[in-house]
Each structure stands twice: as structure tokens, then as C-alpha cells.
Amino acid sequence: QVQLAESGGGLVQTGGSLRLSCAASGRSFSSYGLGWFRQVPGKEREFVAAISWTGSSTFYADSVKSRFTISRDNAKNTVYLQMNSLKPEDTAVYYCAAKQGLLRYQLVNRYDYWGQGTQVTVSS
């Protein structure tokens, strides 16, 4: 099993920045692709970004391209999401997730492990 724990969420003004962290334990972190998703009450969980186990390949939802950056530090078993130029529509609970490989990275049901989520709120 892999345990994932997000941190770094909070309240920020429009145009501000936050960096989310996700610490993994319990299994070899470097063998998994990692993804970030977000969810608003009443809506389906939405893909945000993903990164391969080597860190050489990254993917982003159109809504966050050029604003968000995903990265990972395998030595620390941690994946990050740097969020810049935040907008009110970015407000959501953000989750990190892990899967084998990165094929079909955008599909929620392809991920094996999930964190508990961290709230991000962007004020107008």
C-alpha cells in the first residue's frame, strides 16, 4: 500500500500563489506516476496535472497550463504542485494520487491510491 498526505492548502487572494505538497509512504514512490486532481461540491473530481515516475514527462489540464507546475522529489517521496496566478475558479479540494505508469493519466478510476485532500480557497 501507499499512503499519501497533502498539505499546503489555504486561503489566498486572486493572483496569488500556493505550493501544495504530497508526501508518500509505505511503498516505492519512484515506481509510480503521480497526479493532482481537484473537486468542487456537487461536481466530479477533475484532472489537474500528472507526472511520470522519472519526472521527465508532465501533463496539465488546459485550465491550468502556464499557471501550475507539477514536480517530484523521489529522494523525499514527495510530489509538488506550484500554483501561480490563482483565480476564484481554482477554489476546490485538491487531491494527490498514485498509479502505475502514466497511460490514461487523466482518468480518476485508473489511480490506485489517494490522499485525504487539502482545501484551496481563492478570494475575489
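Please refer to the structure higher up on the page.
Residues numbered from 1 in each chain as written. Predicted model: local features only at pLDDT ≥ 70, side-chain atom pairs only at ≥ 80, totals over all residues. Heavy atoms only, no water.

1. Considering the overall build of the protein
Rules: Under the DSSP-based scheme used, a helix requires at least four consecutive residues in state H or I and a strand at least two consecutive residues in state E, with every element numbered from the N terminus. Taken over C-alpha atoms, the radius of gyration is set against a globule rule of 2.2 Å times the number of residues to the power 0.38. For each residue, the accessible area found with a 1.4 Å probe, counting protein chains only, is set against the maximum for its type, and the residue is called buried under 20%, exposed over 50%, and partly exposed in between. We call two residues in contact whenever any of their non-hydrogen atoms come within 4.5 Å of each other. Here the Shrake-Rupley method, with its probe set to 1.4 Å, supplies the accessible areas, and only the displayed protein chains count as covering residues. For the charge count, each Lys or Arg is scored as positive and each Asp or Glu as negative, with His and the chain ends excluded. The location of each charge is read from NZ of Lys, CZ of Arg, CG of Asp or CD of Glu.
Within the protein, the secondary structure is distributed over zero helices and 11 strands. Walking the protein from its N terminus toward its C terminus, one meets helices and strands in the order β-β-β-β-β-β-β-β-β-β-β. Rg of the C-alpha trace for the protein: 13 Å, near the compact-globule value of 14 Å for 124 residues, within the 12% margin. A buried classification covers 42% of the 124 residues belonging to the protein. Long-range contacts, defined as pairs at least 24 residues apart, comprise 58% of the intrachain contacts of the protein with a sequence gap of at least 6. Accessible surface, the protein as shown: approximately 6,400 Å² in total, 47% of it carbon and sulfur. Averaging the locations of the 13 positively and 8 negatively charged side chains of the protein gives two centres separated by 4 Å.

2. Considerations on the nonpolar core
Basically, it comes down to this: Nonpolar core, defined: a set of buried Ala, Val, Leu, Ile, Met, Phe, Trp, Tyr and Cys residues in which side-chain atoms within 4.5 Å join the residues together.
Among the nonpolar cores identified, the biggest contains 34 residues, and L4, W36, V48, F68, L81, M83 and Y94 are the most heavily contacted of them. Only β3 (18-25), β4 (32-39), β5 (46-51), β7 (68-73), β8 (78-83), β9 (92-100) and β11 (118-123) provide two or more residues apiece to this core.

3. Describing the packing of aromatic side chains
Our working definition: Pairing of aromatic rings covers Phe, Tyr and the six-membered ring of Trp, with a centre-to-centre limit of 6.5 Å; geometry is then stacked below 30 degrees between planes, edge-to-face above 60, and tilted otherwise.
According to the stated counting rule, one finds seven aromatic pairs in the structure shown. An angle of 80 degrees between the planes, with centres 5.0 Å apart, marks the rings of F37 and Y111 as edge-to-face. In this pair, F37 is assigned in strand β4 and Y111 in the loop between β9 and β10 (113-114), connecting sequence segments 74 residues apart. One aromatic cluster in this structure is built from F37, F47, F59, Y105, Y111 and W114.

4. Overview of the pairing of β11
The cut-off we apply is this: When DSSP finds two or more bridges between two strands, those strands count as paired.
Residues T118, V120 and V122 point to one face of β11 and are all buried, whereas Q119, T121 and S123, pointing to the other face, are not buried. Of the strand pairs in this sheet, strand β2 (residues 10-13) and β11 are connected by four bridges, and their pairing is parallel. Counterpart to L11 in the pairing with β11 is T121. Pairing between β9 and β11: three bridges, direction antiparallel. Counted as the bridge partner of A92 is V120 from β11.

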